[in-house]
Amino acid sequence: MATMMQKQHRVLFAMAICLNILGALIPAVTARDPFAPTWLKEGAYATYISIGEEGGQARVFDTTDPQFEGLKYMFNGYWKTSGDFPVAFDWLHYRNASLTWRCISVNATMAKLQVTFDCIGETLEQYAGVVEPTDEPIRTPLNGESWQRSGEAYVDLYTRAVYNAGGVFLGTTHLWLPANPSEGQEIVVWNTETKTITLPVAIESSHETIQGTQDIFMFPLYGFTLDDSEPNSYKTIMLFYDLDTGLAVAGFFSWDPVFAAIGIGDSGLVGTGSSETAFYDTNIDFGPQRATTNWTQILQYSILPIAIILLVATFIVRSKKKKK
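No experiment lies behind these values; they were computed from the predicted model shown.

Notes on the overall build of the chain
Consideration 1: From N to C terminus, the chain includes four helices and 20 strands.
Consideration 2: The long-range fraction of contacts in the chain, counting pairs at least 24 apart against all pairs at least 6 apart in sequence, stands at 65%.
Consideration 3: Total accessible area on the chain stands at roughly 17100 Å², and carbon and sulfur atoms take up 55% of it.

Encoded structure:
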């Protein structure tokens with residue numbers, strides 16, 4: 001009896017070891033919510049650039065203008081009457097634009113980012129004093145000179161809430177998301193006092209990035225309205241996110257609250273045709289590249305069935321020996 005119990009204990013011990021090994025090797029597939037990105041450290045940066053020779057245009061606004069304070073930049077900026085004055089963005093026509101955010105300090109809960117929009121300016125259309133949509137704006141030629149805006153934004157590490165230098169809430173960034181989500185998992189992309197928007201994740205693979213082929217995820221249904229009472233608040237997210245870090249690494253880039261901190265309502269950094277905005281540069285490590293055959297993943301998910309087969313085979317062999 002003692003010998004039989006000892007054998008059972010050995011079998012249970014072996015199974016426990018296998019399960020522990022399996023748990024250590026298989027990564028978590030459910031992203032923490034809330035979460036804090038471990039890679040968002042002082043000095044971390046990312047730069048997006050426009051592509052194509054045709055240039056582009058961006059909606060820009062004065063961050064000190066009450067028409068655009070707080071979340072108003074998301075809803076105002078299109079021709080409509082708001083109180084006693086019309087609301088409209090200025091339009092910047094440019095070439096060779098880049099958007100960069102750089103972490104200049106970080107503590108346990110908040111990251112301070114230096115945000116810069118830089119381009120070769122062509123024309124600035126200003127709508128100050130324009131009363132009717134048919135009125136002509138003031139057009140200022142920029143003659144190919146450098147046009148830049150720079151400032152600071154503060155991002156909550158756990159909620160991704162963005163604030164300007166005055167502490168005013170500007171929305172939820174989607175420049176990065178929780179890492180390692182599962183297929184179909186709902187992720188928060190916008191969270192305010194009046195509305196929370198979640199979208200389901202689709203896991204993809206074999207996407208080329210500036211750091212080689214990576215596993216990524218995205219939102220198949222990327223369109224949503226930030227405020228149901230504001231038809232002009234319709235936005236899209238057309239970015240690919242690195243699975244290991246949750247960082248946006250490719251796709252069509254247009255808007256984000258991080259850049260609203262410096263008065264960029266829509267960057268205009270969208271590709272032409274089937275091209276994409278270039279994720280130009282970063283010092284953030286995406287992790288190992290995806291191999292053609294992912295032997296690590298195969299090993300991770302085959303350990304348990306192999307262990308069970310070996311244990312069953314051991315039982316059968318021992319049972320046959322007993323009968324003899």
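Once the structure has been displayed, the description carries forward.
Section: the packing of aromatic side chains
Consideration 1: Summed over the entire model, instances satisfying the criterion amount to 14 aromatic pairs.
Consideration 2: Centre to centre, the rings of Trp-39 and Trp-101 are 6.5 Å apart; their planes meet at 40 degrees, and the pair counts as tilted. Taken together, the residues span a long stretch of sequence, with Trp-39 in the loop between α1 (2–25) and β1 (45–49) and Trp-101 in strand β5 (residues 90–106) at a distance of 62 residues.
Consideration 3: Under the relative-accessibility criterion, Trp-101 is labelled buried at 0%.
Consideration 4: Ring centres of Phe-219 and Tyr-241 lie 6.2 Å apart, and the angle between their planes is 65 degrees; on these two criteria the pair is classed as edge-to-face. Of the two residues, Phe-219 sits in the loop between β14 (212–218) and β15 (223–225) while Tyr-241 sits in strand β17 (residues 238–242), which places them 22 residues apart along the sequence. Of the two residues, Phe-219 and Tyr-241, neither departs from the other in class, the shared state being buried.
Consideration 5: Here the aromatic cluster, defined as three or more aromatic residues joined through ring pairs, consists of Phe-61, Phe-68, Tyr-73 and Phe-89.
Consideration 6: Geometry around Tyr-45 places Arg-102 over its ring, the cationic atom sitting 4.6 Å from the centre.

What about the sheet that holds β17?
Consideration 1: The strand order β13-β14-β17-β18 describes an open sheet built from four strands, whose pairing is antiparallel. Each edge of the open sheet carries a strand with a single partner, namely β13 (202–209) and β18 (248–252). Across the sheet, the mean angle separating the axes of adjacent strands is 35 degrees when strand polarity is ignored.
Consideration 2: Here two bridges tie β14 to β17, and the two strands are oriented antiparallel to one another. Note on β17: the bridge partner recorded for Ile-216 is Asp-242.

With respect to the confidence of the model for the chain
Consideration 1: Summarising the model, the chain shows a mean pLDDT of 79, and 71% of its residues fall at 70 or more.
Consideration 2: For the chain, the element scoring lowest by mean pLDDT is strand β3 (residues 81–82), at 44; strand β9 (residues 161–164) scores highest, at 97.
Consideration 3: For the stretch residues 18–33, pLDDT sits under 50, and the model shows 26 contacts to residues farther than four places along the chain or on other chains.

What to know about the pattern of salt bridges
Pairs can form between side chains of opposite charge once their charged atoms are near each other.
Consideration 1: Under the defined criterion, the tally for this structure stands at six salt bridges.
Consideration 2: Across the pair Glu-125 and Arg-139 runs a salt bridge, and its minimum N-O distance is 3.4 Å. With Glu-125 in strand β6 (residues 110–126) and Arg-139 in strand β7 (residues 138–141), this residue pair connects regions lying 14 residues apart in the sequence.
Consideration 3: Through salt bridges with shared partners, a single ionic network connects Arg-59, Lys-235 and Asp-266.

Overview of the environment of Val-162
Consideration 1: Summarising the element assignment, Val-162 is placed in strand β9.
Consideration 2: A C-alpha to C-alpha distance of 8.5 Å links Val-162 and Ala-261, two positions 99 residues apart in sequence.
Consideration 3: What Val-162 contacts, discounting residues up to four positions off in sequence, is Ala-153, Tyr-154, Val-155, Val-168, Phe-169, Leu-170, Gly-171, Thr-173, Pro-257 and Val-258.

Rules used in this analysis
Residues numbered from 1 in each chain as written. Predicted model: local features only at pLDDT ≥ 70, side-chain atom pairs only at ≥ 80, totals over all residues. Heavy atoms only, no water. Helix = DSSP H or I, 4+ residues; strand = E, 2+ residues; numbered from the N terminus. Contact = heavy atoms within 4.5 Å. Areas by Shrake-Rupley, 256 points an atom, 1.4 Å probe, with all protein chains shown as cover. Phe/Tyr/Trp six-rings, centres within 6.5 Å; stacked < 30°, edge-to-face > 60°. Buried < 20%, exposed > 50% of the residue type's maximum accessible area, 1.4 Å probe, protein only. Lys NZ or Arg CZ within 6 Å of the ring centre and 35° of its normal. Pairing = 2+ DSSP bridges. Axes fitted to C-alpha atoms, helices over the stretch in contact; angles between N-to-C directions. pLDDT = per-residue confidence, 0-100. Salt bridge = Lys/Arg side-chain N within 4 Å of Asp/Glu carboxyl O.

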